[in-house]
Amino acid sequence: MKKLISISLSVLMVLSVLAFVGCDGKKDESVKLGMGIYTNVSKATSADGETNGQGQVAMTVAAVTLNAAGKIVACQLDTADITVAYTGEGKAIANESFKTKYEFGKDYNMVAYGQAAKEWFEQADAFEGVVAGKTIDEVKALVAGENKGTDEVINAGCTIMISDFVKAIEKAVANAVATTATTANTLKLGVFTQQTTKDAAEDANGSSKLETTFFAATVDANGKVTAAATDCVQVEFTFDATGASTFDTTKAISSKREAGANYGMVAWGGAAKEWFEQADAFLTLCVGKTATEIAGLMGTDNYGTADVKGAGCTILVNGFVKAAAKIG
């Protein structure tokens, strides 16, 4: 009888260990989740008799999970590189597409037209693989001459410039917060851009305003979010009735989360909470939901449902929802 009890206890102990340990024999660890965005405006030109004026901005985003030792468990990278145009008559031209570099896939054409060995998304994947297991100091040491990577990076298959990747990762690590997510979860990233245009008048500038929302999440085997982060970058290129750029290229661009209380929703907009607080309220409702279920948090007016408003998020949520849809 004692022998049977002993065997039963041993089986229970083994089952308990197996329930706590992954199939690869490694124990699931809790992770922090962080997201960072590095924004660079590379162009703000005026129209002339032959060409339209243009504004160009590149927003590089990194999402990371970190273990207790501060090492990167997983990393996701993307860049929203967007060019807008306006005519010599001050007319704004609406963009037809806002695909990110990763979303372009093989159509980004680095191989066909740039003589690269791999496409952009493949090179980004290669760099993500290199940074896994490294601390932020070790990641920063991967930048070599001309903002490209060290031999380790190049040999892994990433030959493009990595400086913006590293700057975004550095922000993501600094922003990382404790979560209930674990190393068993999968890290995903979605990016959504919407544009608002206005033609110039004799007494008023025209504009092409871009609002890009980023949504990072860890998801379990059932596709349910275990932790989430979001941020938004707003860039407004302005021009006069002759198509001359009036955009201030010296002004630093912060994300809405980075602006914090200085975003001014409370002071100037009469809101009860700042943008980052309202975004966090929305995120709390995302945990435990799939991307499809997150879509159900938005009403027909692009604001949140009663549950969302009750949680403290009274702003438009369509950017959150459409970025989150891309993690499905």
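Remember, predicted model here, so these are calculated numbers, not experimental data.

**Student:** Residue-level account of the overall build of the protein chain, with values.
**Tutor:** When helices and strands are tallied, the protein chain shows 12 helices and eight strands. If you line up the protein chain on its principal axes, its C-alpha atoms span 95 × 50 × 30 Å. Looking at the protein chain alone, contacts between residues at least 24 apart form 60% of all its contacts between residues at least 6 apart. About 16600 Å² of surface is accessible on the protein chain, with carbon and sulfur atoms providing 53% of the total. Taken as two groups, the 29 positive and 38 negative side-chain charges of the protein chain have centres that lie 9 Å from each other.

**Student:** Any chance you could break down the pairing of strand β7 (residues 206-219) for me, citing the residues and the numbers?
**Tutor:** Of all 14 residues in β7, 12 are buried; the element is thus mostly enclosed. Bridging between strand β6 (residues 186-198) and β7 involves 13 bridges; their strand directions are antiparallel. When the sheet's bridge partners are listed, T197 is paired in β7 with S208. When β7 meets strand β8 (residues 225-239), the two strands line up antiparallel, connected through 14 bridges. Bridge pairing in β8 links G206 to F239. If you look at the hairpin formed by β7 and β8, you'll find five residues sitting between the two strands, and G223 has a positive phi there, around 80°.

**Student:** Help me get a handle on the pattern of salt bridges, residues and values and all.
**Tutor:** Tallied over the full model, the rule gives 10 salt bridges. Taking the shortest distance from any N to any O, the salt bridge between K106 and E122 comes out at 3.7 Å. With a gap of 16 residues between them, K106 in the loop between α2 (101-104) and α3 (110-114) and E122 in helix α4 (residues 120-131) connect regions that are remote in the sequence. Judged by relative accessible area, E122 falls into the partly exposed class, the value being 26%.

**Student:** Hey, could you go over the packing of aromatic side chains for me, with residue numbers and the actual values?
**Tutor:** Applying the stated criterion across every chain, the model contains eight aromatic pairs. Each ring, one from Y86 and one from F239, has its centre 4.4 Å from the other, and the planes form 10°; the classification is stacked. You can see Y86 sitting in strand β3 (residues 72-86) and its partner F239 sitting in strand β8, a full 153 residues away along the chain. When sorted by exposure, Y86 lands in the same class as F239, which is buried. Through a chain of ring-to-ring contacts, the aromatic side chains of W120, F127 and F165 assemble into a single cluster.

**Student:** Can you break down the confidence of the model for the protein chain residue by residue, with the values?
**Tutor:** Per-chain confidence: the protein chain averages 93 in pLDDT, with 92% of residues scoring 70 or above. Considering only residues more than four positions removed or in separate chains, one finds that residues 1-23, a stretch of pLDDT under 50, has five contacts.

**Student:** Residues and numbers for helix α7 (residues 163-175), please.
**Tutor:** Residues three or four positions apart in an α-helix share a direction because the helix packs 3.6 residues into each turn. Helix length check: α7 (13 residues) gives 19 Å between terminal C-alpha atoms against 18 Å at 1.5 Å per residue, within 8%. Restricting attention to buried positions, one finds in α7 the residues S163, F165, V166, A168, I169, A172 and V173. Structurally, α7 contributes buried residues whose contacts are with β1 (30-44), β2 (53-66), β3, α4 and α5 (136-140).

**Student:** A description of the nonpolar core should follow, citing residues and the corresponding values.
**Tutor:** By size, the foremost hydrophobic cluster in this structure holds 28 residues, and its most contacted members are V64, I72, F127, V131, I162, F165 and I169. Those elements that place two or more of their residues in this core are β2, β3, α4, α5 and α7. When sequence neighbours within four positions are dropped, the list of residues in contact with V64 reads K32, L33, G34, I72, A74, C75, I169, A172, V173 and L187. Membership of the second largest hydrophobic core comes to 27 residues, among which are V225, C232, A271 and V308.

**Student:** Describe in detail the sheet that holds β8, supporting the description with residues and values.
**Tutor:** Pairing between sheet strands relies on hydrogen bonds along the backbone, with the strands arranged either parallel or antiparallel. The strand order β6-β7-β8 describes an open sheet built from three strands, whose pairing is antiparallel. Of all the strands in the sheet, the pair left with one neighbour each is β6 and β8. Strand-to-strand twist across the sheet, computed as the mean angle between neighbouring axes with direction ignored, equals 15°. Running at roughly 145° to β8, helix α9 (residues 275-286) makes contact with β7 and β8 of the sheet.

**Student:** Outline the side chain of T238, listing residues and values.
**Tutor:** Relative to the elements of secondary structure, T238 occurs in strand β8. For T238, a relative accessible area of 17% gives the class buried. At a separation of 2.7 Å, a polar atom in the side chain of T238 contacts the side chain of T246. Looking at T238, its side chain comes within polar contact range of the main-chain nitrogen of F247, at 3.5 Å. Residues contacting T238, with those up to four places away along its chain left out, are N205, G206, S207, A244, S245, T246 and F247.

Conventions we followed
Residues numbered from 1 in each chain as written. Predicted model: local features only at pLDDT ≥ 70, side-chain atom pairs only at ≥ 80, totals over all residues. Heavy atoms only, no water. Helix = DSSP H or I, 4+ residues; strand = E, 2+ residues; numbered from the N terminus. Contact = heavy atoms within 4.5 Å. Areas by Shrake-Rupley, 256 points an atom, 1.4 Å probe, with all protein chains shown as cover. Lys, Arg positive; Asp, Glu negative; His and termini not counted. Charge placed at Lys NZ, Arg CZ, Asp CG, Glu CD. Buried < 20%, exposed > 50% of the residue type's maximum accessible area, 1.4 Å probe, protein only. Pairing = 2+ DSSP bridges. Salt bridge = Lys/Arg side-chain N within 4 Å of Asp/Glu carboxyl O. Phe/Tyr/Trp six-rings, centres within 6.5 Å; stacked < 30°, edge-to-face > 60°. pLDDT = per-residue confidence, 0-100. Expected span 1.5 Å × (residues − 1). Core = buried A, V, L, I, M, F, W, Y, C linked by side-chain atoms within 4.5 Å. Axes fitted to C-alpha atoms, helices over the stretch in contact; angles between N-to-C directions. Polar contact = N/O pair within 3.5 Å; in protein donor to acceptor, adjacent residues only side chain to side chain.

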